[in-house]
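# Fold and contact review
Each chain is listed here by its residues.
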Amino acid sequence: MASISERERREIEAANASGDTPVVFIHGLWLLPSSWDKWADFFRQAGYAPLTPDWPDDPETVEEARANPDVLANKTLKQIADHTKEVVNALDRKPVLVGHSTGGLLAEMLAGEGLAATTVAIDPGIFRGVLPLPASVLRGVGPFLIDPRTRGRAITLTFDQFLYGWANALDEKEARKLYDTFHVAGSGIALTQMGNANLNPWTEAKANTKNPDRGPLLIIDGEKDHTVPWAIANAAYKRQKHNPAVTEIVKMPDRGHSLTIDHAWPGVAQTTLDFVERCA
């Protein structure tokens, strides 16, 4: 477990000692593992063993990440998936995987390798074969995708970009609070890998949707999400539903991309828990 941090090691040891079903929460771009803290408490109280793994080189705090944003650059999807896989493989039991945004894509990738007991992908990022690219996506992240410098950078959203892409279903006061509390820079190369998934036959943004060991999968999407609109989530569902395992999709009314961290997160968490318990 050479690349596993001391914090991650403690979570793994606690999960294995508990005997409870582990739940691995995978964060996405522009967040840190701490964005899952309330979810971890929620699932712990429901009898599960939560883990919130890092992406490689994640700083411990938002303040540290903002002070040194370049440490968040140059993290590829494969590097992140491999690190998360290392955490999963250190568990005594096959875990539930819950991911948001890029983390939702990573959860689908690992599930496609047969590593999940159950998977919930919330506003999941694009993988190869998911073709829609709605106008809101082009407006939100399109400028990054056409800039060749994006791949090597840590990309920080302005508040206006965050407001449009993440917090469009919220009032500006709550949007500002979320931005100040949670937002950090994100890896430009990971963003580019998703954006170019259908242009690059060797892309790392790919998921094996046909593996019979994938396990049950729920896709959750916010009705008003500008970053991963319903068209993208539903296209992923249409590819995943051919799997022999249970595959479902849920649209959360009046929610945007911030649905895992905004005031309505408990409803999303309860929807997630209900599916996990139904599939246990």
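Note that the structure is a prediction, hence the values are computed from the model and not measured.

Rules used throughout
Residues numbered from 1 in each chain as written. Predicted model: local features only at pLDDT ≥ 70, side-chain atom pairs only at ≥ 80, totals over all residues. Heavy atoms only, no water. Salt bridge = Lys/Arg side-chain N within 4 Å of Asp/Glu carboxyl O. Helix = DSSP H or I, 4+ residues; strand = E, 2+ residues; numbered from the N terminus. Buried < 20%, exposed > 50% of the residue type's maximum accessible area, 1.4 Å probe, protein only. Phe/Tyr/Trp six-rings, centres within 6.5 Å; stacked < 30°, edge-to-face > 60°. Lys NZ or Arg CZ within 6 Å of the ring centre and 35° of its normal. Axes fitted to C-alpha atoms, helices over the stretch in contact; angles between N-to-C directions. Left-handed = near helix turned anticlockwise from the far one by under 90°. Contact = heavy atoms within 4.5 Å. Nonpolar A, V, L, I, M, F, W, Y, C, P; charged D, E, K, R; others polar. Pairing = 2+ DSSP bridges. Right-handed = clockwise from strand over helix to strand, strands pointing away.

## Topic: the pattern of salt bridges
Two side chains of opposite charge can pair, provided their charged atoms sit close to one another. This model, assessed by the stated rule, comprises 13 salt bridges. Between Arg7 and Asp54 there is a salt bridge whose closest N-O contact spans 2.9 Å. On the criterion of sequence distance, the pair formed by Arg7 in helix H1 (residues 6–18) and Asp54 in the loop between strand S2 (49–51) and helix H3 (62–67) is long-range, its members being 47 residues apart. Note on Arg7: relative accessible area 28%, which makes it partly exposed. Assessed through its relative accessible area of 12%, Asp54 is described here as buried. Notably, a salt bridge pairs Arg44 with Asp41, separated by 2.7 Å at the nearest N-O pair. Here the residue Arg44 and the residue Asp41 both occupy positions in helix H2 (residues 37–45), the gap between them amounting to three residues, near one helical turn.

## Quick notes on the packing of aromatic side chains
With the rule as written, the count across this model stands at 11 aromatic pairs. Ring geometry for Phe162 and Trp166: centres 5.7 Å apart, planes at 15°, overall stacked. An identical accessibility class is assigned to Phe162 and Trp166; each is buried. Put simply, the rings of Phe25, Trp36, Trp39, Phe42, Phe43, Tyr48 and Trp265 touch in pairs and so form one group of aromatic residues. The positively charged end of Arg139 is found above the aromatic ring belonging to Tyr164, 3.9 Å away from the centroid.

## A closer look at the packing of helix H4 (residues 77–89) against helix H5 (residues 102–111)
Viewed as axis vectors pointing N to C, H4 and H5 meet at an angle of 65°, and their least axial separation amounts to 10 Å. Crossing handedness for the pair H4 and H5: right-handed. Contacts between H4 and H5 involve Leu77, Ile80, Ala81, Thr84 and Lys85 from the former and Thr102, Leu105, Leu106, Met109 and Leu110 from the latter. Looking at the contact of H4 with H5 residue by residue, the class counts come to seven nonpolar, two polar and one charged.

## Things to note about the pairing of strand S3 (residues 96–100)
Successive residues of a regular strand alternate their side chains across the two faces of the sheet. Burial analysis of S3 places five of its five residues in the buried class, which makes it a mostly covered element. With four bridges joining them, strand S1 (residues 22–26) and S3 adopt parallel strand pairing. Counted as the bridge partner of Val23 is Val96 from S3. Here five bridges tie S3 to strand S4 (residues 118–122), and the two strands are oriented parallel to one another. Within S4, the residue paired with Val96 across the bridge is Thr118. Read as a crossover between parallel neighbours, the route from S3 over H5 to S4 is right-handed.

Interpretation in functional terms is not warranted from these geometric data alone.
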